[in-house]
Amino acid sequence: MKILICISHVPDTTSRIKFTADGKQLDKQGLQFIIGPYDDYALARAVELKEAHGGTVTVLNVGTAETEPTIRKALAIGADNAIRIDAEPTDSWFVARQIAEVAKDQGYDLILMGRESIDFNGGVVHGMVAEMLGLQAFSPVMMLDVVDGKVKMAREIEGGKEYLEATMPLVAGCQEPIAEWKIPNMRGIMTARTKPLEVRAASDETKLTTHVHFELPPPKGAVVMIDPSNPEELIQKLVEEAKVL
Amino acid sequence: MSVLVFVEVADGQIKKSSLEAISYGAAIAEKANTQVIALVPGTISGYDLSGLGAYGADKVLHAEDEKLNTQGIRAFGTAIIQAMKSADAKFLIMAKSSLSDIIGARVSVEMQAAIATNVSGLPEINGTFSVPRSIYTGKAFGRVELSTECKILGIRKNAVSLRNDDKKAIVEKFAISFADNDFAASITNVEKADGDILLTEAEIVVSGGRGLKGPENWQMLEDLAKALGAGMGCSKPVSDLEWRPHHEHVGQTGVKVSPNLYIAVGISGAIQHLAGVSSSKVIVAINKDEDAPFFKAADYGICGDAFEIIPRLTKAVKALKN
């Protein structure tokens, strides 16, 4: 089985986000970057599928040179080789075009990624890639198995789950609990250093959207504490003051 | 030209979030001096679709085909693309759901249309077209410009208030010609809790954390939620421990909610959880630990024993409703 796994390089989930004073870009000072958590689930599942069925896992990232430690981590977790498209991933269409170009005619059975990146939260790259390649896309996929050449999936829907069957090749946007995150072991880290990481230039420069300004939400006012011996006061305040009941 | 709104239907009922999408579409149509067309897929039970006029729709295209009663991702995309072409739609508006992003992505490629998801407010139109959207999982906002003539917007809950226009929409049947592969994926089973208020649709959410000590203690939260007409949520540890199903997990890697009122019980308030709830209008934290970070993110707090406080709140809400 040939799997392409697309990862984003994003600030750690515990990060406090800040922007430069002009509101034009993220202030990266002091931020730790990680494999996007949803992508990390997809990667873990890809490695499990490879262990069960054989094949290869190729990791793909659209990013500048600073993402290479993140890509090496994916190699340490179990991907076989990596491709980096040397460009800033600022637009979903642009990123999808790069992925589609890499995947075109390469015979990938599964193209997996997270349901969304946790920086821009667009959630549309998987669907775009599928449409550009003429494949089916599924998201958010919380279970994925390959049985007798068929892909069995569960998709999270409002208030429950939907179980699906489809044929390969396909594209899936993944989320927990599709697999447990894998922590690279020492052997993985050592071998990752010598696994191939190919850098390519962007194949198409078209962008359809531009984030022109960033800002933080207005600060919250101070919390109003209510005496625990009189919790009924909360209901009264929600009715009279907050007017939400 | 026109503004097309994709309306989602669950169990024969139109989702409230889709009514908000119609009202959002109406705000754009007013500025662009054009009409709002709502595309409704599948069977509708006991509702006169002309009533969508009150929320801002001028016309309803009802794609009655029973095949659209299930969540066929491709089939919905096909229906939207055909409706957009037939109505010369330059905007597609959808409410955020488990389907909206992936359908929007397909339509974006087919129509060569820029897409913005998680849109949190109305657009600014002055030479360029831009919308505010929630980014970094609720930790920040970005303003994004869409540069194509045709545009797709996925709006999140509470991005706009519901209109109450004094008009009826014209309802027309709309036939879709499906492609062979629109139903290539087969839905083998659907597991869904019956009668629950959906978390993403709820105006009020009651959420529980590890402070409740075990799944057997959820009954009192359910009682409170029922009294309030609220949806149920939980923290990531609670879903990881399988005390509650995964679709109730609220936070960075779970469901993001923006209700009018979010009540967190026994949840400490880790930054990953707060990311998923920060755009709620009013937040209440109930925790016995006075240093719980949730109190810094909340509008109202009670530091005390949830097992004593929650039943009293339920009683007070019932008294209020009576």
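For the structure, see preceding data.
Residues numbered from 1 in each chain as written. Chains lettered and ligands numbered in written order. Predicted model: local features only at pLDDT ≥ 70, side-chain atom pairs only at ≥ 80, totals over all residues. Heavy atoms only, no water.

Draft legend 1. Examining the overall build of chain B more closely. Helix and strand counts for chain B come out as eight helices and 18 strands. Over its C-alpha atoms chain B spans a radius of gyration of 21 Å, differing by no more than 12% from the 20 Å that the globule rule assigns to 322 residues. Taking contacts inside chain B between residues at least 6 apart in sequence as the whole, the part at least 24 apart equals 64%. Total accessible area on chain B is roughly 12400 Å²; 48% of this is exposed by carbon and sulfur atoms. Averaging the locations of the 34 positively and 37 negatively charged side chains of chain B gives two centres separated by 3 Å. (Helix = DSSP H or I, 4+ residues; strand = E, 2+ residues; numbered from the N terminus. Rg over C-alpha atoms; globule rule 2.2 N^0.38 Å. Contact = heavy atoms within 4.5 Å. Areas by Shrake-Rupley, 256 points an atom, 1.4 Å probe, with all protein chains shown as cover. Lys, Arg positive; Asp, Glu negative; His and termini not counted. Charge placed at Lys NZ, Arg CZ, Asp CG, Glu CD.)

Draft legend 2. Quick peek at unusual backbone geometry. Omega for the bond connecting serine 139 of chain A with proline 140 of chain A falls within 30 degrees of zero, at -10 degrees, which places this linkage in the cis form. Along the polypeptide, proline 140 of chain A turns up in strand E7 (residues 136-147). A cis amide bond links glutamate 176 of chain A to the next residue, proline 177 of chain A, at an omega of 0 degrees. One can find proline 177 of chain A in the loop between strand E10 (170-174) and helix H5 (186-192). Even without being a glycine, aspartate 105 of chain A presents a positive backbone phi close to 60 degrees. Phi is positive for asparagine 158 of chain B, which is not a glycine, with a value near 65 degrees. For asparagine 158 of chain B, the location among the structural elements is in the loop between strand E11 (151-155) and strand E12 (170-173).

Draft legend 3. View of the pairing of strand E1 (residues 2-6) of chain A. Residues and elements named next belong to chain A. Most of E1 sits inside the fold, with four of its five residues counted as buried. Where E1 lies against strand E4 (residues 56-62), five bridges are found, and the strand directions are parallel. If you follow leucine 4 over to E4, its bridge partner there is threonine 58. With four bridges connecting them, E1 and strand E6 (residues 110-114) associate as parallel partners. Bridge pairing in E6 places isoleucine 5 opposite leucine 112. (Buried < 20%, exposed > 50% of the residue type's maximum accessible area, 1.4 Å probe, protein only. Pairing = 2+ DSSP bridges.)

Draft legend 4. Representation of the pattern of salt bridges within the structure. Scanning the entire structure with this criterion turns up 43 salt bridges over all chains. We note a salt bridge from lysine 220 of chain A to aspartate 299 of chain B, for which the minimum N-O separation is 2.8 Å. Here lysine 220 of chain A is found in the loop between strand E12 (209-215) and strand E13 (224-226), whereas its partner aspartate 299 of chain B is found in the loop between helix H7 (294-297) and strand E18 (300-303) on a different chain. Through salt bridges that share partners, Arg45, Glu48, Asp145 and Lys182 of chain A make up one connected network. (Salt bridge = Lys/Arg side-chain N within 4 Å of Asp/Glu carboxyl O.)

Draft legend 5. Spotlight on the sheet that holds strand E9 (residues 160-167) of chain A. An order of E11(A)-E5(A)-E4(A)-E1(A)-E6(A)-E10(A)-E7(A)-E8(A)-E9(A)-E13(B) is seen for the 10 strands of this open sheet, with the pairing classed as mixed. Taken across any chain shown, the strands that pair with only one partner, and hence form the sheet edges, are strand E11 (197-200) of chain A together with strand E13 (186-192) of chain B. Across the sheet, the mean angle from the axis of one strand to that of its neighbour is 30 degrees, orientation sign disregarded. (Axes fitted to C-alpha atoms, helices over the stretch in contact; angles between N-to-C directions.)

Draft legend 6. Structural view of the interface of chain A and chain B. Across the boundary between the two partners, chain A contributes 80 residues, which contact 85 residues of chain B. Both sides of the chain A and chain B interface together cover about 7000 Å² of buried area, and 59% of this is carbon and sulfur. In this structure, the connection of chain A to chain B is made through seven salt bridges. One salt bridge in this structure joins glutamate 116 of chain A and lysine 256 of chain B, with 3.6 Å as the shortest N-O distance. At the junction of chain A and chain B, the tally comes to 40 residue pairs in polar contact (both at pLDDT 80 or more). (Buried area = accessible area lost by both parts, 1.4 Å probe. Polar contact = N/O pair within 3.5 Å; in protein donor to acceptor, adjacent residues only side chain to side chain.)

Draft legend 7. Structural view of the environment of proline 123 of chain B. Residue and element names in this part refer to chain B. Relative to the helices and strands, proline 123 is located in the loop between strand E7 (114-119) and strand E8 (124-126). In the structure, proline 123 is positioned 99 residues away from tyrosine 24 in sequence and 9.6 Å away in space, judged by C-alpha atoms. Each residue touching proline 123, except ones within four places of it in the same chain, is listed here: Tyr24, Ile28, Lys31, Phe129, Ser130 and Val131.

Draft legend 8. Spatial organisation of helix H6 (residues 232-240) of chain A. Buried within H6 of chain A we find Leu234, Ile235, Lys237 and Leu238 of chain A. The buried residues of H6 of chain A all sit within an arc of 165 degrees when viewed along its axis, so they share a single face. On its buried face, H6 of chain A is in contact with E13 of chain A together with strand E16 (261-265), strand E17 (282-287), E18 and helix H8 (306-321) of chain B. (Arc of directions from axis to C-beta.)

Draft legend 9. Highlighting the state of the cysteines. Applying the stated criterion to the full structure yields zero disulfides over all chains. The thiol of cysteine 6 of chain A is not disulfide-bonded; the next cysteine sulfur, from cysteine 174 of chain A, is found 10 Å away. (Disulfide = S-S within 2.5 Å.)

Draft legend 10. Focus on the packing of helix H2 (residues 73-86) of chain B against helix H3 (residues 100-111) of chain B. All names here are of chain B. Look at H2 against H3: their axes get within 9 Å of each other, and the N-to-C directions meet at 45 degrees. Here H2 lies oblique to H3, going by the angle between them. Crossing geometry of H2 relative to H3 is assigned as right-handed. Across the interface between the two elements, Ile73, Arg74, Phe76, Gly77, Thr78, Ile80, Ile81, Met84 and Lys85 from H2 touch Ile102, Ile103, Arg106, Val107, Glu110 and Met111 from H3. Residue composition of the contact of H2 with H3, grouped by class: nine nonpolar, two polar and four charged. (Parallel < 35°, antiparallel > 145°, perpendicular 65-115°, else oblique. Left-handed = near helix turned anticlockwise from the far one by under 90°. Nonpolar A, V, L, I, M, F, W, Y, C, P; charged D, E, K, R; others polar.)

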